[in-house]
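These are the residues of each chain, in order.
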Amino acid sequence: MVKVIMEIVRLANIVPGIFRKALQDVEIKGYMVPAGWGIMVCPPAVHLNPDIYEDPLAFNPWRWQGKPEITGGTKHFMAFGGGLRFCVGTDLTKVLMATFIHNLVTKYRWKTVKGGNIVRTPGLGFPDGFDIQLFPKN
Ligand code: HEM
């Protein structure tokens, strides 16, 4: 279940940006960020790096097989941020997601009614919505 949740928040992160302020001049790969500038880090884009995630747009929880659960933020995985401002709701979120997914797949089936087109700008969006119909499982 943890791997499924990791993959969901990698691909469908609801946070389009995390904001920081440069306290001093910082040089990153030849680019100078002057002190005082704001920086927007974009987790959904970081999570699609093909050097780190093979076939990055594929929903593949197995990619996390054999890897420890990431309980903080890393350079390549920051669905819940990282560092001092790391999301305090991370564990609650994972419990709620696990409960929801468990009930959804064990008690229900569903079919798509309409929508489902995905855009990434770079935050994830469904411009036509995504309606599904749920049926109780026998
Ligand atoms: C899928 C669900 C969630 C996601 C993706 C998420 C993501 C994030 C991210 C990326 C940050 C860091 C912001 C930054 O670095 O500037 C953050 C901070 C925070 N989150 Fe969440 N969050 C989620 C759910 C929750 C829940 C359920 C709660 C509370 C019950 C919560 C409470 C907070 C708080 C209070 C902070 C600020 C922490 C601080 O600044 O010290 N989050 N969250």
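Each chain has its residues counted from 1, following the order in which its sequence is written. Given that the model is predicted, a residue must reach a pLDDT of at least 70 before its local features are reported, and side-chain atom pairs must reach 80 or more before they are shown or counted; all residues, however, enter totals for whole chains, interfaces and linings. Hydrogens and water are ignored here; the side-chain numbers use all heavy atoms of the structure.

- Labelled according to an unreviewed UniProt entry, the protein appears under the name Cytochrome P450, originating from Triticum turgidum subsp. durum.

**Quick word on the packing of helix H1 (residues 2–11) against helix H3 (residues 90–107)**
- Fitted lines through C-alpha atoms serve as axes, helices being fitted only where they are in contact, and the angles separating the N-to-C directions of these axes extend from 0 to 180 degrees. Only DSSP runs of H or I covering at least 4 residues are called helices, and only runs of E covering at least 2 are called strands; the numbering of each starts at the N terminus. Contact pair H1 / H3: the axes reach a minimum separation of 10 Å and the direction vectors enclose 110 degrees. Between H1 and H3, the interaxial angle falls into the category roughly perpendicular. On the side of H1, the interface is formed by Val4, Ile5, Ile8 and Val9, while H3 contributes Lys94, Met97, Ala98 and Ile101. For classification purposes, angles smaller than 35 degrees are called roughly parallel, those larger than 145 roughly antiparallel, those between 65 and 115 roughly perpendicular, and all remaining angles oblique. When checking whether two residues touch, look at their non-hydrogen atoms; a contact exists if any pair is within 4.5 Å.

**Looking at the environment of Glu69**
- By the secondary structure assignment, Glu69 is in the loop between helix H2 (43–46) and H3.
- In this structure, the C-alpha to C-alpha distance between Glu69 and Met6, residues 63 residues apart in sequence, is 8.0 Å.
- Within the structure, the side chain of Glu69 is placed 2.8 Å from the side chain of Lys94, a separation counted as a polar contact. In protein, a polar contact requires one atom able to donate a hydrogen and another able to accept it; more generally it is a pair of N or O atoms within 3.5 Å, and residues adjacent in sequence count only if both atoms are side-chain atoms.

**Considering the site of the ligand**
- What surrounds the ligand is a group of 16 residues, the closest being Ile18, Arg20, Arg85, Cys87 and Thr93.
- Arg20 places a side-chain nitrogen or oxygen 2.8 Å from an oxygen atom of the ligand.
- Here Arg85 contributes a side-chain N or O atom positioned 2.5 Å from an oxygen atom of the ligand.
- Those elements that provide at least two residues to the shell around the ligand are strand S1 (18–21) and H3.
- Amino acids outside the nonpolar list (Ala, Val, Leu, Ile, Met, Phe, Trp, Tyr, Cys, Pro) and the charged list (Asp, Glu, Lys, Arg) are all regarded as polar, and Gly is one of them. Of the residues in the shell around the ligand, the class split is 10 nonpolar, four polar and two charged. Proximity criterion: a residue is near a molecule or strand once any of its heavy atoms comes within 4 Å of it.

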